[in-house]
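Listed below, chain by chain, are the residues.
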Amino acid sequence: MVDIVVIGGGPAGLISALRAADLGAGAVLVTRAEFGGMAANDGPVPVRTLAHAARLIREARQLGHYGIGVSEPALDYPRLLARVREVVEDVRAQSSFRPQIESLGVSVHEHAGVARFADEHTVECENGVRLEADKIIICAGGVSRRLPVPGFELTNTHSDAWSLTSVPPSMLVIGAGATGVQVASIFNAFGSRIQLFQSGPRILPSEDEDVSAAVAEAFRDSGIAVHESFGAIQSFEKTPTGVRMIFSKNGGEGSAEAALAVVAVGWMADTAGLSLAKAGVDTDHRGFVKVDEYQQTSTPHIFAAGDITGRLMLVPQAIQEGFVAATNAVRGPAMTIGEPVTPIGSFTDPEYAQVGLTEAKAREAHDIVTAVVRFDSTTRTIIDGRKAGFCKLIVDRKTFGMLGCHVVGERAVEITQVAAIAMAAKMRVDELARIPLSFPTYAGILARVAASAARELNLEVDWQAHQAEDAWLTSEETKRGAGEEP
Ligand SMILES: Cc1cc2nc3c(=O)[nH]c(=O)nc-3n(C[C@H](O)[C@H](O)[C@H](O)COP(=O)(O)OP(=O)(O)OC[C@H]3O[C@@H](n4cnc5c(N)ncnc54)[C@H](O)[C@@H]3O)c2cc1C
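Engineer: I'm lost on the pattern of salt bridges in this one. Help?
Structural biologist: Any two side chains of opposite charge can pair, so long as their charged atoms come close to each other. The tally for this structure, following the rule as stated, stands at 28 salt bridges. The residue E86 makes a salt bridge to R83 at a minimum N-O spacing of 2.8 Å. Pair noted here: E86 and R83 are both in helix 4 (residues 77-94), with a separation of three residues, about one helical turn. Judged by relative accessible area, E86 falls into the partly exposed class, the value being 47%. Two residues, D210 and K392, come together in a salt bridge whose shortest N-O distance is 2.6 Å. Taken together, the residues D210 in helix 7 (residues 209-221) and K392 in strand 20 (residues 389-396) connect sequence positions 182 residues apart. Here D210 falls in the buried class, since its relative accessible area comes to 15%.

This is how it looks when you write it as structure tokens:
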């Protein structure tokens, strides 16, 4: 009998095994395929590499504005995929997890095939490995949601990008959450004609409404056909050149066709092969493994972490959950994650990112002030020719604490990390406004927007801190006060 078996070699599983071993437990990690899971092999790392290629194309198109003559960029997709493979290998090779795990004596079964519960203490893998454990941590991640409509097998997921031999001339992207908009934005930059479909009234439904609207407008300006509230999918059918989606709306029928249809309508727990019932592990109504605040499942000696629990479904959260699950598995259930400040963003064109509450959510529970600074009024964005976008800060009128920050535009994700640190440190908005952030930078917009909110709240800020940026303000920009819509 081993102390702990961890199922799944993604970020949640790796940190779980590492933490358990660090606390002195004998840990074994079993994973179906490669070390690294979705994050390293099929999610952020390869997708971000495609997004970087998309960025290089748009940067190449900018060169002429700066007097640099080059011809129109031309994408060689197979060479890009070779680069993606190189990056994935490199990231995997550089991962500090592997040497740490090995040095702590964790026994790793990579490419073990599907692991399943034989009973509540026994895990069997397809390759024949059978392990009995005192405690088990399930970190099996998620899979793309499938739709029960005729012809669904004709559609693709983001993972099919790795086996394409060329950029498809046209693409339907169905689902405009984080994955769908990334696929749409990247392949639009690569020259595919994109139609993006969202069944709800706005793309990026979990973002602030201003963010959804700004990204939708920018997408339309860049040539993506954005269809919000498009109706309900009836079926998919083959055409001589690709695939057709048939949908119904208001009693009528519509259709759209393209060379490829990529469906990104949600992420589900990858529980299919686990035989959870044999271990008495319950799932919730969406099929995710049910855990309490200690990451403990309905079977007390079995814990779960990462996408399989269906919370935020991001790498940093998978890592946090894995750490807590392993700590509690070894020491007993005492540690919780609490409610950390969580920045979220995506590498589309334009980028968007958020931390904290949306304006609508903040209004439900707080008396708020919002301030907005547009990208076309900051020096760095003007220098770089990246003037589209805004930064919006939401502040509690009573406590002067920052409740949310939402950014659309170049480096939105990085800007939001800085806002997250300020919020995690529970800074007041005037304290953030007083930090003389470097000039001219993208993050500098945070001090500007904080100063704008502080002004609205009649708080004193040290205007010296802003003199570099303010020296460049036009009278028109000065007129744009707190609370202006982007
Ligand atoms: C297109 C895309 C882009 C993304 N971009 C980002 C991003 O920019 N930033 C971010 O933070 N997150 C991003 N994510 C999300 C991120 O990849 C996941 O949140 C993260 O990988 C979850 O980690 P995990 O350890 O829970 O699961 P996974 O990384 O999915 O790992 C689970 C592992 O378990 C294995 N496994 C599954 N079932 C079994 C079984 N029965 N037996 C044995 N092994 C099993 C799998 O093979 C896999 O190796 C993205 C996801 C996608 C799809």
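Engineer: I'm lost on the sheet that holds strand 14 (residues 260-263) in this one. Help?
Structural biologist: Think of a sheet as strands paired side by side through backbone hydrogen bonds, with each pair either parallel or antiparallel. Here four strands make up an open sheet; going across it, the order is 10-9-8-14 and the pairing parallel. Of all strands in the sheet, those bounded by a partner on one side alone are strand 10 (225-228) and strand 14. Across the sheet, the mean angle separating the axes of adjacent strands is 15° when strand polarity is ignored. In this structure, strand 8 (residues 170-174) lies alongside strand 9 (residues 193-198), joined through five bridges in parallel fashion. Following the sheet pairing, L172 is matched in strand 9 by Q195. Across the face of the sheet, helix 6 (residues 178-189) comes into contact with strand 8, strand 9 and strand 14 while running at roughly 165° to strand 9. The strands touched by helix 7 are strand 9 and strand 10; relative to strand 10, the strand with the most contacts, the crossing angle is about 140°.

Engineer: It is not clear to me how helix 13 (residues 444-456) should be interpreted in this structure. Could you clarify?
Structural biologist: Within an α-helix, residues lying three or four positions from one another point in the same direction, as the helix has 3.6 residues per turn. The end-to-end C-alpha distance of helix 13, which contains 13 residues, comes to 19 Å, matching closely the 18 Å that a straight helix rising 1.5 Å per residue would cover. Most of helix 13 sits inside the fold, with eleven of its 13 residues counted as buried. Taken together, the buried positions of helix 13 are occupied by G444, I445, L446, A447, R448, V449, A450, A451, S452, A453 and A454.

Engineer: Teacher, can you tell me more about unusual backbone geometry here?
Structural biologist: Leaving glycine aside, a negative phi is the common case for residues, and trans is the common case for peptide bonds. A cis amide bond links D349 with the next residue in sequence, P350, at an omega value of 5°. Note the cis peptide between F439 and P440, where omega equals -10°. Examined against the element boundaries, P440 turns out to sit in the loop between helix 12 (429-433) and helix 13. Located in the positive-phi region is H111, a residue other than glycine, with phi close to 50°. Structurally, H111 is set in the loop between strand 3 (107-109) and strand 4 (115-119). Given the relative accessible area of 48%, H111 is considered partly exposed.

Engineer: Could you clarify how one ought to interpret the nonpolar core in this entry?
Structural biologist: Generally speaking, nonpolar side chains in soluble globular proteins are found buried as a group. Y77, F187, F190, L196 and I203 are the most contacted members of the largest nonpolar core, which has 39 residues in total. When residues of this core are traced back to their parent elements, those giving at least two are helix 3 (44-62), helix 4, strand 8, helix 6, strand 9, helix 7 and strand 14. Ranked by the residues each element gives to this core, the list is headed by helix 3, at six residues. For F190, the contacting residues outside a window of four places in its chain are L50, A53, A54, I57, L75, Y77, L80 and V167.

Engineer: Please explain the sheet that holds strand 21 (residues 402-409) as it appears in this structure.
Structural biologist: Read from one edge to the other, the open sheet built from five strands follows the order 17-18-21-20-19, with strand pairing classed as antiparallel. The open sheet terminates on both sides in strands that have one partner only, identified here as strand 17 (344-346) and strand 19 (368-374). Mean inter-strand twist for the sheet, computed between neighbouring axes without regard to direction, equals 5°. With three bridges connecting them, strand 17 and strand 18 (residues 352-356) associate as antiparallel partners. For I344, the partnering residue across the bridge sits in strand 18 and is Q354.

Scoring rules and cut-offs
- Residues numbered from 1 in each chain as written.
- Predicted model: local features only at pLDDT ≥ 70, side-chain atom pairs only at ≥ 80, totals over all residues.
- Heavy atoms only, no water.
- Salt bridge = Lys/Arg side-chain N within 4 Å of Asp/Glu carboxyl O.
- Helix = DSSP H or I, 4+ residues; strand = E, 2+ residues; numbered from the N terminus.
- Buried < 20%, exposed > 50% of the residue type's maximum accessible area, 1.4 Å probe, protein only.
- Pairing = 2+ DSSP bridges.
- Axes fitted to C-alpha atoms, helices over the stretch in contact; angles between N-to-C directions.
- Contact = heavy atoms within 4.5 Å.
- Expected span 1.5 Å × (residues − 1).
- Core = buried A, V, L, I, M, F, W, Y, C linked by side-chain atoms within 4.5 Å.

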